[in-house]
Amino acid sequence: SGGARNLNERLGEGIRTGLQRLRERQIQIGIANASRFVNLRRLTPRQRVFFFFQAMTRRGSDRGLPRGAAQTPYEYAAALEKALPEVDEDVNALTEAFVSARYSRRDVNDNQAGVVKKYWDRIRRAIRGGIKPEA
């Protein structure tokens, strides 16, 4: 029957059009959300330490040194230290602060988070300069 076939085609087209509109809307929402920045002042000192470690792994990944799914923070730090020997002490110190903040119950205060930010600033500059490939 031609009427049923025509109805099915129109329904199919309507569904495809609706799905396309939903996809476009999701993309627009995603772009809007991506443009928002993390407000560090709203994070606790512990969360700021987490943020700086995650920023280090994200930037390292962007520059060709991704953190493996099963790689511990220390294993990743060792790989990053080899690639960025000029900031190896900063990488080590940031990683130690992260592990302590993540796995201990010790308080993390604003001063400690501020020191970690200084480590991150030096690491970020080094990463911008380029990660050296492994020998």
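All figures in this text were calculated on a predicted structure; none of them were measured in a lab. (Residues numbered from 1 in each chain as written. Predicted model: local features only at pLDDT ≥ 70, side-chain atom pairs only at ≥ 80, totals over all residues. Heavy atoms only, no water.)

### So, the side chain of Ser104
Phase 1 of the analysis: With respect to the helices and strands, the residue Ser104 is situated in the loop between helix H4 (88-103) and helix H5 (110-129).
Phase 2 of the analysis: Within the structure, the side chain of Ser104 is placed 2.6 Å from the backbone oxygen of Ser100, a separation counted as a polar contact.
Phase 3 of the analysis: In terms of polar contacts, Ser104 uses its side chain to reach the backbone amide nitrogen of Arg106, at 3.3 Å.
Phase 4 of the analysis: Not counting chain neighbours up to four residues away, the residues in contact with Ser104 comprise Arg46 and Val99. (Helix = DSSP H or I, 4+ residues; strand = E, 2+ residues; numbered from the N terminus. Polar contact = N/O pair within 3.5 Å; in protein donor to acceptor, adjacent residues only side chain to side chain. Contact = heavy atoms within 4.5 Å.)

### A closer look at the confidence of the model for the protein chain
Parts of the prediction with low pLDDT should not have their coordinates interpreted in detail.
Phase 1 of the analysis: When pLDDT is averaged across the protein chain, the result is 87; 87% of the residues are at 70 or more.
Phase 2 of the analysis: When the elements of the protein chain are averaged for pLDDT, helix H1 (residues 2-34) gives the smallest value, 73, and H4 the largest, 97. (pLDDT = per-residue confidence, 0-100.)

### Quick look at the pattern of salt bridges
A pair can form between side chains of opposite charge whenever their charged atoms are brought close.
Phase 1 of the analysis: What the rule picks out here adds up to five salt bridges.
Phase 2 of the analysis: Between Arg16 and Glu13 there is a salt bridge, with the nearest N and O atoms lying 3.4 Å from each other. Linking Arg16 with Glu13, this pair stays in helix H1, spanning three residues, or about one helical turn.
Phase 3 of the analysis: The salt bridge partner of Asp90 is Arg122, with a shortest N-O separation of 2.9 Å. One end of the pair, Asp90, is in helix H4; the other, Arg122, is in helix H5, and 32 residues separate them in sequence.
Phase 4 of the analysis: A relative accessible area of 10% places Asp90 in the buried class. (Salt bridge = Lys/Arg side-chain N within 4 Å of Asp/Glu carboxyl O. Buried < 20%, exposed > 50% of the residue type's maximum accessible area, 1.4 Å probe, protein only.)

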